[in-house]
Amino acid sequence: MLPNIDYNELPRALQRLLAQPSTDETATLPRRSFLKMAGAGGLVLGAFPHLAMAQADGVKPPAGGLKPTQQPLAFVQIAPNGEVTVTINRLEFGQGVQTGLPMILAEELDADWALVRSRSGTNDAAYADPLFGMHLTGGSNSIKNSFTQYRELGARARAMLLSAAAARWKVDVATLRTQAGTVFGPGGRKLGYGELAEAAMAMPVPEKVVLKDAKNFRIIGRATTRLDARAKSSGRQDFGIDVRQPGQLTAVVAHPPVFGARLASVDDGAARAVKGVKAVLRIPLDRGAEGVAVVADGYWPAKLGRDALKLQWDAGAVEKVDTDRQLAHYRELAGRPGNRKFDADMAPLADAPRKLEAEFVFPYLAHAPMEPLNCTVKLSDGRAELWVGTQSADLDGQAAARTLKLDPSQVKVNVQMAGGGFGRRFVGSSDFVVEACEIAKAARAVGLDAPVRLLWSREDDIKGGYYRPMHLHRARIGFDERGKILAWDHVIVGQSITAGTVFAGMMVKDGIDATAVEGMRDPYPVPMRLTVHHPQVNVPVLWWRSVGSTHTAFVMETLIDEIARGTKQDPVAYRMQLFGDKHPRHRAALQLAVDKSGYGKKKLADGRAWGVAVHESFESVVAYVVEASVKDGQPVLHRVTSGVHCNLVVNPRSVEAQVQGAAVMGLSTCLAGSAITLKDGVVQQGNFGDFTVARITQVPEFDIHIVPSADAPKGMGEPGLPPLAPAFANAIAQLTGKPLRQLPFNLA
């Protein structure tokens, strides 16, 4: 979703770009500022001012004081019946953090897992990413960045409960122990956490805590059913689209057919006549465009009102992109000198015994989450409250404040469960959030003093940007008869996704967007010259699940496979040889997938072939061994066996689900119809009828296997996607003898 990043530099870069004080300077409130009694008594957290309010006060933390992200009272609520509610500092949109983060905290708290619940946070300071210093869900960072944080939060809360029990029994705290939500003391005494919660909240919050040895974990590492599974599987789960506030109105927007176009004329008479329509409002939109919002007492009358609008658009000042012309331009750019990422000597290329030349084309891709974009805004005098599934609550809160001419401390963002996103819910311009605020502001100006819920339709979402960029790769490789690569000359052409975002200052260096080249070359020690071109195109682009690896993994893994086949070497053995002894995690993941699949030992059914790929992204390695065939001229994926190395696993069930989901998304990119194309500036796709995603009948059997590790966990939301397409392509190439050079596949 978000790019791989320099973790040492990012917090400072983001703070500079957001014009905020550094994380170390963020005000830490005194312990009692966080304390707030629950109505029925209990330990309750989350009661402290908004990040911006703390910053505006200019108060510096006491020496050695805890930051808001370290305060257990912001994250743990213990009810009198012992029920523990853990607040998550991320957006839950299918990746499982609403279970994984509570598991981490509950482990150190020694909670009874049967009594653990979870809830979403807000744009309060406590819920910022502890490393980045801003609210962020992306880059497969949630578990990785908050693993130690949530362990320490649980340990601090446990220490406060022990202190309360020791005070009540008048004993040394060292004589006490905890287990499954209960404190045990001398003489068989015991107290449930719910009985101690009220007293525990008055105890000092310890700065230093001792964490468990991993060998004593009883929750972390156990395959655990997700806390939201029952609600989602029964249809009872509420998402952002389900928000209902008293008197709420619903808005839909007529967006321009060409990005950046403005209105030439508006005839809204028929729209205003639709029963239930309350207002028709001309509003500014993202990227300098204009649109018309129809506000009504429900979605259907708002949609009917929008359908009745008669609009004339002026696109004379903006580029009208055409996919065919764009590809021709990219090919022309690929032949020009450009910025260099790697600059190995290409002299050996001329005399190489064997040569390979290849061009790869990757289309624009829509995020197309199941829940389209939405945001509900409630305005009152000097205040605004938002309900939105957002990957960055404070970024969107600040954008809302600018739009509404409020101070950030006057905007509260309630993070909602989201039905997918894949990066689309973290946009530097906060496009749909700003759009919702513009509508609410304009509606209030015409006397509609009510909450307004903006809803995008599926067509709005697929046609309205932002997209994974279109890319062209061109490679010339020289190698010898043993497969030793002598020179690799490579060119990438594609838009920069970080230009103009909060990441641009650190991600674009020497004219190259780091996200466009992540996944190139490594882990293979090849002498590569890598040239990059970033043309400016009037198509809004954004990170998309696994970012640059969506195209670089395909190029690297299919070309490595082609060299192995061309020199009559086994693709697995060839990769292992290239790894040498420098990439043990790649080797372990690939070997596990090979062993579990039966590769090289099991006889496949007639007409089937093996395909192999391995790739690292977001510090996790995923290897696939697949079985595929060609039926009636179409590629078919039958079985996927994976080896996963993501270090310590918090919830194996979530890892399995993420690998399956990412692989199916990767499969979708291989299928005919999975491209976003433009004609005369207009996106030609609009719904799942013409933008393909894998159907259930196309989903293969999965076998997911995890390499055991006690090292600190890495991310798993995205790494399962990149190696799927090249593994599938390599299997098809084994069958047809022809390498696949584009996504979606074209076997013609």
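Please read all numbers here as calculations on a predicted model, not as lab measurements.

Participant: I'm lost on the pattern of salt bridges in this one. Help?
Facilitator: Opposite charge on two side chains makes pairing possible when the charged atoms of those side chains draw close. Enumeration according to the criterion identifies 45 salt bridges in this entry. A salt bridge links Asp307 to Lys303, with the shortest nitrogen-to-oxygen separation between them at 2.8 Å. Taken together, the residues span about one helical turn, with Asp307 and Lys303 both in helix 8 (residues 299-308) at a distance of four residues. Judged by its relative accessible area of 48%, Asp307 falls in the partly exposed class. Accessibility expressed as a relative area gives 23% for Lys303, which makes it partly exposed. Salt bridges sharing partners connect three or more residues here, namely Glu107, Asp110, Arg158, Lys212 and Arg218.

Participant: Would you explain the pairing of strand 25 (residues 608-617) in this entry?
Facilitator: The two faces of a sheet get side chains in turn, since along a regular strand they alternate between them. Along strand 25, eight of the ten residues are buried, which leaves the element largely enclosed by surrounding structure. Here strand 25 pairs with strand 26 (residues 620-631) via ten bridges, running antiparallel. Across the sheet, residue Trp610 finds its bridge partner in strand 26, namely Glu627. Linking two consecutive strands that pair antiparallel, namely strand 25 and strand 26, is a turn of two residues; a positive phi of about 55° is found at Phe618 within it.

Participant: What exactly am I supposed to notice about the packing of helix 19 (residues 652-668) against helix 20 (residues 724-736) here?
Facilitator: Helix-helix packing: each pair is described by the crossing angle between the helix axes and the interaxial distance. In the contact formed by helix 19 and helix 20, the axes pass within 8 Å of each other and the chain directions differ by 55°. What the angle tells us is that helix 19 and helix 20 run oblique. Crossing handedness for the pair helix 19 and helix 20: right-handed. Here helix 19 contributes Ala663, Gly666 and Leu667 to the contact with helix 20, which in turn contributes Leu724, Ala725 and Phe728. In the contact of helix 19 with helix 20, the residues fall into five nonpolar, one polar and no charged.

Participant: Can you walk me through helix 20 in this structure?
Facilitator: Structural remark: α-helix, 3.6 residues per turn; residues separated by three or four positions point the same way. Here helix 20 is 13 residues long and its end C-alpha atoms lie 19 Å apart, about the 18 Å a rise of 1.5 Å per residue gives. Most of helix 20 sits inside the fold, with ten of its 13 residues counted as buried. For helix 20, the full list of buried residues reads Leu724, Ala725, Pro726, Ala727, Phe728, Ala729, Asn730, Ala731, Ile732 and Ala733. Residue Gly737 follows helix 20 closely and has a positive phi angle near 75°.

Participant: Would you take a moment to explain unusual backbone geometry for this structure?
Facilitator: With an omega of 10°, the peptide bond running from Asp522 to Pro523 counts as cis. Of note, Pro523 is situated in the loop between helix 15 (514-517) and strand 24 (528-533). Along the chain, Leu743 connects to Pro744 via a cis peptide bond; the corresponding omega equals -5°. Here Pro744 shows up in the segment after helix 20. Phi angles above zero are rare outside glycine, and Lys170 is one such case at about 55°. Following the sequence through the fold, Lys170 ends up in the loop between helix 4 (142-169) and strand 4 (177-179). Although it is not a glycine, Glu619 sits at a positive phi angle of roughly 70°. With respect to the element layout, Glu619 can be found in the loop between strand 25 and strand 26.

Participant: Is there a simple way to think about the nonpolar core in this case?
Facilitator: As a rule of thumb, soluble globular proteins bury nonpolar side chains together. In this structure, Ile477, Ile485, Trp488, Leu559 and Tyr624 are the most contacted members of the largest nonpolar core, which totals 73 residues. Those residues within four positions of Ile485 in sequence are excluded, and the remaining contacts are Ile477, Gly478, Phe479, Val526, Pro527, Ile560, Ile563 and Tyr574. If you look at the next biggest cluster of nonpolar residues, it comprises 47 residues, including Met103, Ala126, Ala157 and Ile220.

Participant: Help me understand the sheet that holds strand 21 (residues 485-494) in this model?
Facilitator: Each strand in a sheet pairs with another by means of backbone hydrogen bonds, the pair being arranged parallel or else antiparallel. Within the open sheet, the five strands sit side by side as 12-24-21-20-13. Their pairing is mixed. The outermost strands of the open sheet, each flanked by one partner alone, are strand 12 (339-343) and strand 13 (354-362). Going from strand to strand, the sheet's axes swing by 10° on average, the running direction of each strand aside. Sitting on the sheet, helix 9 (residues 323-334) touches strand 13, strand 20 (471-479), strand 21 and strand 24, and the angle it makes with strand 20 is about 40°. Here helix 16 (residues 549-566) sits on the sheet in contact with strand 13, strand 20, strand 21 and strand 24, set at roughly 150° to strand 13.

Participant: What is the right way to look at the packing of aromatic side chains in this model?
Facilitator: Pairs of aromatic rings are described using the distance from one ring centre to the other and the angle between the two planes. The tally for this structure, following the rule as stated, stands at 13 aromatic pairs. On the basis of an interplanar angle of 65° and a centroid distance of 6.2 Å, the ring pair of Phe259 and Tyr467 is categorised as edge-to-face. Of this pair, Phe259 sits in the loop between strand 7 (249-254) and strand 8 (262-267) while Tyr467 sits in strand 19 (residues 467-468); the two residues are 208 residues apart in sequence, bridging distant segments of the chain. The buried category is assigned to Tyr467, whose relative accessible area is 1%. Each residue in the set Phe360, Phe362, Phe554, Phe728 and Phe745 is aromatic and connected to the rest through ring pairs, giving one cluster.

Participant: For this particular structure, what's the right way to read the side chain of Asn374?
Facilitator: Residue position: Asn374 is located in strand 15 (residues 374-380). A relative accessible area of 1% places Asn374 in the buried class. Within the structure, Asn374 has its side chain in polar contact with the backbone nitrogen of Ile241 (distance 3.3 Å). Of note is the side chain of Asn374, whose polar atom sits 2.9 Å from the side chain of Glu371. In contact with Asn374, not counting residues within four places along its chain, are Gly240, Ile241, Val388, Arg425, Phe432, Leu454 and Leu455.

Participant: Please explain empty space enclosed by the protein as it appears in this structure.
Facilitator: Where empty space is left becomes clear once a probe the size of a water molecule has been rolled over the atoms. By the definition in use, this model includes nine cavities of 30 Å³ or more. Lining the largest cavity are 26 residues, and of these Gln95, Val97, Ile143, Met716 and Gly717 lie nearest its centre. Of all the secondary-structure elements, those providing two or more residues to the lining of the largest cavity are helix 3 (97-109), helix 4 and helix 19. Looking at the lining of the largest cavity residue by residue, the classes come out as eleven nonpolar, 13 polar and two charged.

Reading guide: rules and limits
- Residues numbered from 1 in each chain as written.
- Predicted model: local features only at pLDDT ≥ 70, side-chain atom pairs only at ≥ 80, totals over all residues.
- Heavy atoms only, no water.
- Salt bridge = Lys/Arg side-chain N within 4 Å of Asp/Glu carboxyl O.
- Helix = DSSP H or I, 4+ residues; strand = E, 2+ residues; numbered from the N terminus.
- Buried < 20%, exposed > 50% of the residue type's maximum accessible area, 1.4 Å probe, protein only.
- Pairing = 2+ DSSP bridges.
- Axes fitted to C-alpha atoms, helices over the stretch in contact; angles between N-to-C directions.
- Parallel < 35°, antiparallel > 145°, perpendicular 65-115°, else oblique.
- Left-handed = near helix turned anticlockwise from the far one by under 90°.
- Contact = heavy atoms within 4.5 Å.
- Nonpolar A, V, L, I, M, F, W, Y, C, P; charged D, E, K, R; others polar.
- Expected span 1.5 Å × (residues − 1).
- Core = buried A, V, L, I, M, F, W, Y, C linked by side-chain atoms within 4.5 Å.
- Phe/Tyr/Trp six-rings, centres within 6.5 Å; stacked < 30°, edge-to-face > 60°.
- Polar contact = N/O pair within 3.5 Å; in protein donor to acceptor, adjacent residues only side chain to side chain.
- 1 Å grid on protein atoms, 1.4 Å probe; cavity = no way out; pocket = protein on both sides within 12 Å on 5 of 7 lines; lining within 4 Å.
- Points joined across faces, edges and corners; volume = space filled by probe spheres on them.

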